[in-house]
Every structure is written in structure tokens, then in C-alpha cells.
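# Secondary and tertiary structure notes
Chain residues, written in single-letter form:
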Amino acid sequence: MERHEILDLMSQLQLSGMRAAYDEIVSAGVKRSQGVERVIAALLQAEIAAKHARSINYQMALAKLPLAKELADLDVHDSPINGELVGQLATGAFLDTQRNIVLIGGTGTGKSHIAIGIARSCIRTGRKARFFNVVD
């Protein structure tokens, strides 16, 4: 079977991760004299990684986050923010008990930054999150 036929079949099966990585994985497999099983396994892993990335991107869009903020960018030194508590919340363990987080504080204290960072962290671990502000 020709390369273009294989790529067409991957498109028909909606295997975009495999299709995108096909040339790289197959050429590396040929150079290293890898067996068919290893090449197929690498293609399947590429598809799984692509589906996982698409899922995270989809959940990030559903979360309606107003900005792209990360907890690593938050400076908790010389502020009243409890960095240890924020780190615990970022694990998403509070979701196991079906709890919400409400952040209260004055303007410019980092509430939105913390909320967005926690939501992004939870989404990356396979959880769902949604950002609301007081107007919502």
C-alpha cells in the first residue's frame, strides 16, 4: 500500500495524531531497523497523545477562562496568599468531595490568577473546571 493511501485511510478513520506523526515515526523505525510492532505502537502512542492534547484544549475552552495564567507565575512571597493551600487546591482533591472554591478579597489581590491557575491545573489532570466571576 502506498504512503498516500495509508494517510487517506488515517484521515477517514480520523486518526489525525497518527497521520501527523506518520512520516517521522516510520522513517525513524526504518533507520533503526525497528519491527512493525514498534512502529505501530509508536503510531498508537502518537494518536493517544494527540487525543489527550485535544481533550485538554477542549476543556480549557469550556472552562471559559478569561486569561492564560499559571500558578507558577504567581508570586506568593510577601503577600497574604497561602501558597501551600493554593498548591493543595491545584491538585484537584477538593473535587473528589464535590466542593467548590470561592475566592474573596480586594481588587488586585490575585483571586482571578489563582482561580485560573487552579482550573488549568485541574483540567490538565483530566478533571473539568469552569471559571465564574461575581457578575456571572
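Please read these numbers as outputs of a predicted model, since none were measured by experiment.

Of all hydrophobic cores here, the largest spans ten residues; its members are Leu7, Met10, Leu15, Met18, Ala21, Tyr22, Ile25, Val39, Leu43 and Ala46. Broken down by secondary-structure element, the contributors of at least two residues to this core are helix H1 (3-12), helix H2 (16-31) and helix H3 (36-62). Setting aside its immediate chain neighbours within four residues, Val39 contacts Ile25, Val26, Gly29 and Gln34.

For any pair of aromatic rings, the description rests on two quantities: the centre-to-centre distance and the angle between the ring planes. Applying the stated criterion across every chain yields a total of zero aromatic pairs. Arg130 extends its terminal NZ or CZ atom over the ring of Phe132, reaching a point 4.4 Å from the ring centre.

When two helices pack together, their arrangement is given by the angle between their axes and by how far apart the axes lie. The contact between H1 and H2 brings their axes to 8 Å, and the two run at 155°. It follows that H1 is roughly antiparallel to H2 by the angle criterion. Handedness of the H1/H2 crossing: right-handed. Touching Arg3, Ile6, Leu7, Met10 and Ser11 of H1 are Met18, Arg19, Tyr22 and Asp23, all from H2. Across the contact of H1 with H2, the residue classes tally to five nonpolar, one polar and three charged.

With that settled, consider the side chain of Gln59. Structurally, Gln59 is set in helix H3. For Gln59, a relative accessible area of 13% puts it in the buried group.

Our focus in this paragraph is a nonpolar patch on the surface. Judged by side-chain polarity, Val36, Ile40 and Leu44 come together as a nonpolar surface patch covering roughly 270 Å² of accessible area. Note on placement: Val36 falls in helix H3.

Another point: the pattern of salt bridges. Per the counting criterion, the structure on display carries six salt bridges. Among the ionic pairs, Glu47 bridges to Arg54, the shortest N-O distance being 3.8 Å. On the basis of relative accessibility, which here comes to 37%, the residue Arg54 falls in the partly exposed class. Put simply, Glu70 and Arg124 hold a salt bridge, and the shortest N to O gap is 2.7 Å. One end of the pair, Glu70, is in the loop between H3 and helix H4 (83-90); the other, Arg124, is in helix H5 (residues 111-124), with 54 residues separating them in the sequence. Each member of the salt-bridge network shares a partner with another, and the members are Glu47, Lys51 and Arg54.

Procedures and definitions
Residues numbered from 1 in each chain as written. Predicted model: local features only at pLDDT ≥ 70, side-chain atom pairs only at ≥ 80, totals over all residues. Heavy atoms only, no water. Core = buried A, V, L, I, M, F, W, Y, C linked by side-chain atoms within 4.5 Å. Buried < 20%, exposed > 50% of the residue type's maximum accessible area, 1.4 Å probe, protein only. Helix = DSSP H or I, 4+ residues; strand = E, 2+ residues; numbered from the N terminus. Contact = heavy atoms within 4.5 Å. Phe/Tyr/Trp six-rings, centres within 6.5 Å; stacked < 30°, edge-to-face > 60°. Lys NZ or Arg CZ within 6 Å of the ring centre and 35° of its normal. Axes fitted to C-alpha atoms, helices over the stretch in contact; angles between N-to-C directions. Parallel < 35°, antiparallel > 145°, perpendicular 65-115°, else oblique. Left-handed = near helix turned anticlockwise from the far one by under 90°. Nonpolar A, V, L, I, M, F, W, Y, C, P; charged D, E, K, R; others polar. Patch = residues over 30% accessible without salt bridge, like charges linked within 9 Å, V, L, I, M, F, W, Y side chains within 5 Å. Areas by Shrake-Rupley, 256 points an atom, 1.4 Å probe, with all protein chains shown as cover. Salt bridge = Lys/Arg side-chain N within 4 Å of Asp/Glu carboxyl O.

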